[in-house]
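Coordinates in review
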Amino acid sequence: MSLETILSIKNLNKNYGRIQAVKDLSFDIQKGNIYGILGPNGSGKSTTLGIILNVVNKTSGSFSWFNGNTSTHQALKKVGAIIERPNFYPFMTATQNLELICRIKGVSYDKIDEKLQAVNLFERKNDKFKTYSLGMKQRLAIASALLNDPEILILDEPTNGLDPQGIHEIRQIIKSIAKNGTTILLASHLLDEVEKVCSHVIVLRKGEKLYSGRVETMVASNGIIEVKTEDDIESVVNVLKNYHETASVNIDGDLIIIQLENDISAATLNKYLFEKNIAVSHLVKRKPTLEQQFLDLTNNN
Ligand code: ADP
Ligand code: MG
């Protein structure tokens, strides 16, 4: 399978006065995947999207669309994006609103029904926009972003403010759009959203990339081992810290929590402790949840 690069970002920086919103950020977007930019509020997600869409000026670094074969202006004609709440006319129907957008974008009206179907609004196409729920409004925004058959759809916090049903529906729609071959890039502060929707993730904290790769790879870290001992806990911690298979060792109540450097078994660790004359009363290996890993990644330490 040949990889087709949709977007390549290299050493991107953005400063707002003294605030560094984006720091030396690099990543690539390959065709056919669903990417999530994941990070807490203020981590630089929207700024990054704004830069690649030419609505925010970068401070330094570079980005190029479609292998740099076209100007950003030309490239953006093949991009569909929703980065703020779109404005539709409240007294016009969904179809009338999309017709207006077709005229602005220079696309034929033929696409309208197909795109309304893609976002499950076909049955409601003749209802006025003002009668729509927030979820329906968001789905209409997605339909409008799809009118020019973009190569990539970019969404900033696509489920913000929606009820659970609305959230579920949007996530299903994003996945079905991706199945039809459209690459997706979405920003979200919700770990479970990225876990449920995305194939790839870029984790940001304070504008810096902490992780990028497949979502499953992020899940499959080397795990943790919990240990309890009747021996002196501080000296056991010191012995563990000196073991080359441990990445970090922390005390949590009467438990010692060991983050592993490599995927070793509980038995291997037990053997090492035994050789050091340490007796344990509890020794369990766990895979950290993605949630725990995200908290670890985004915590300041
Ligand atoms: P996110 O989308 O991840 O919540 P943003 O990209 O909106 O993060 O913001 C990143 C940082 O840049 C934050 O500290 C934010 O306050 C700051 N920031 C964003 N936009 C502006 C702006 N127009 N002027 C000044 N600071 C800004
Ligand atoms: Mg944002």
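Values in this document were obtained by computation on a predicted structure and should not be read as measured data.

It is worth spelling out the overall build of the chain at this point. Looking only at helices and strands, the chain features 11 helices and 13 strands. The principal-axis extents of the C-alpha atoms in the chain amount to approximately 80 × 40 × 40 Å. Split into buried and exposed, the 301 residues of the chain put 46% on the buried side. Here the analysis covers contacts within the chain between residues at least 6 apart in sequence; of these, 66% occur between residues at least 24 apart. Accessible surface computed for the chain: about 15400 Å², of which carbon and sulfur atoms make up 47%. Side chains of the chain give 35 positive and 34 negative charges; the mean places of these two sets differ by 8 Å.

The subject of this paragraph is the domain arrangement of the chain. Buried accessible area, meaning the area lost when the parts come together, often serves as the stated size of an interface. Here the domain parsing of the chain yields domain 1 (5–89 + 148–219) and domain 2 (221–300). A separation of 36 Å is found between the C-alpha centroids of domain 1 and domain 2.

Moving on to helix H5 (residues 134–146). Over its 13 residues, H5 runs 19 Å from end to end, which matches the ideal 18 Å to within 8%, given 1.5 Å per residue. Counting buried positions along H5 yields 11 of 13 residues, so the element is predominantly enclosed. Considered for burial, the residues of H5 that qualify are Gly-135, Met-136, Gln-138, Arg-139, Leu-140, Ala-141, Ile-142, Ala-143, Ser-144, Ala-145 and Leu-146. Buried residues in H5 make contact with strand E5 (79–82), helix H3 (94–105), helix H4 (111–118), strand E6 (152–156) and helix H6 (164–179).

To continue, consider the pairing of E6. Burial analysis of E6 places 5 of its 5 residues in the buried class, the great majority of the element. In E6, alternate side chains face the same way, and those of Ile-152, Ile-154 and Asp-156 on one face and Leu-153 and Leu-155 on the other are all buried. Bridge analysis of E5 against E6 gives 4 bridges, and the strand direction is parallel. Bridged to Ile-82 within E6 is Leu-155. Strand direction decides the pairing type here: E6 and strand E7 (residues 183–188), joined by 5 bridges, are parallel. Paired with Ile-154 across the bridge in E7 is Leu-185. This β-α-β element, E6 to H6 to E7, shows right-handed connectivity.

Counted under the stated rule, the structure contains 14 salt bridges. For the salt bridge of Lys-285 with Asp-263, the shortest nitrogen-to-oxygen distance reads 2.4 Å. Separated by 22 residues along the polypeptide, Lys-285 in strand E13 (residues 280–286) and Asp-263 in the loop between strand E12 (255–260) and helix H10 (266–275) bring together distant segments of the chain. Each of Lys-111, Glu-114, Lys-115 and Asp-149 takes part in one network of salt bridges that share partners.

Let us look at the site of ligand 1. Within the structure, ligand 1 sits among Tyr-16, Ile-19, Ala-21, Pro-40, Asn-41, Gly-42, Ser-43, Gly-44, Lys-45, Ser-46 and Thr-47. Within the contact set of ligand 1, an oxygen atom lies 2.5 Å away from a side-chain nitrogen or oxygen of Thr-47. Considered on its own, ligand 1 offers 560 Å² of accessible surface; in the complex 59% of this is hidden by protein. Among the elements of the structure, strand E2 (19–30) and helix H1 (45–52) are those that each provide at least two residues to the shell around ligand 1. The element best represented in the shell around ligand 1 is H1, accounting for 3 residues. Here the shell around ligand 1 is composed, by residue class, of 4 nonpolar, 6 polar and 1 charged.

Moving on: the sheet that holds E12. One open sheet accounts for 4 strands, arranged E11-E12-E10-E13; its pairing is antiparallel. The sheet terminates laterally at strand E11 (246–252) and E13, the two strands that pair on one side only. Sheet twist, expressed as the average angle between the axes of neighbouring strands with direction ignored, equals 20°. With 6 bridges connecting them, strand E10 (residues 224–229) and E13 associate as antiparallel partners. What sits directly across from Val-227, in E13, is Leu-283. Set on the sheet, helix H9 (residues 233–241) makes contact with E10, E11 and E12; between it and E11 the angle comes to about 165°. Against the sheet, H10 engages E10, E12 and E13, with an angle of about 145° to E13.

Conventions adopted
Residues numbered from 1 in each chain as written. Chains lettered and ligands numbered in written order. Predicted model: local features only at pLDDT ≥ 70, side-chain atom pairs only at ≥ 80, totals over all residues. Heavy atoms only, no water. Helix = DSSP H or I, 4+ residues; strand = E, 2+ residues; numbered from the N terminus. Buried < 20%, exposed > 50% of the residue type's maximum accessible area, 1.4 Å probe, protein only. Contact = heavy atoms within 4.5 Å. Areas by Shrake-Rupley, 256 points an atom, 1.4 Å probe, with all protein chains shown as cover. Lys, Arg positive; Asp, Glu negative; His and termini not counted. Charge placed at Lys NZ, Arg CZ, Asp CG, Glu CD. Domains from an automatic or database assignment. Expected span 1.5 Å × (residues − 1). Pairing = 2+ DSSP bridges. Right-handed = clockwise from strand over helix to strand, strands pointing away. Salt bridge = Lys/Arg side-chain N within 4 Å of Asp/Glu carboxyl O. Near = heavy atom within 4 Å. Polar contact = N/O pair within 3.5 Å; in protein donor to acceptor, adjacent residues only side chain to side chain. Nonpolar A, V, L, I, M, F, W, Y, C, P; charged D, E, K, R; others polar. Axes fitted to C-alpha atoms, helices over the stretch in contact; angles between N-to-C directions.

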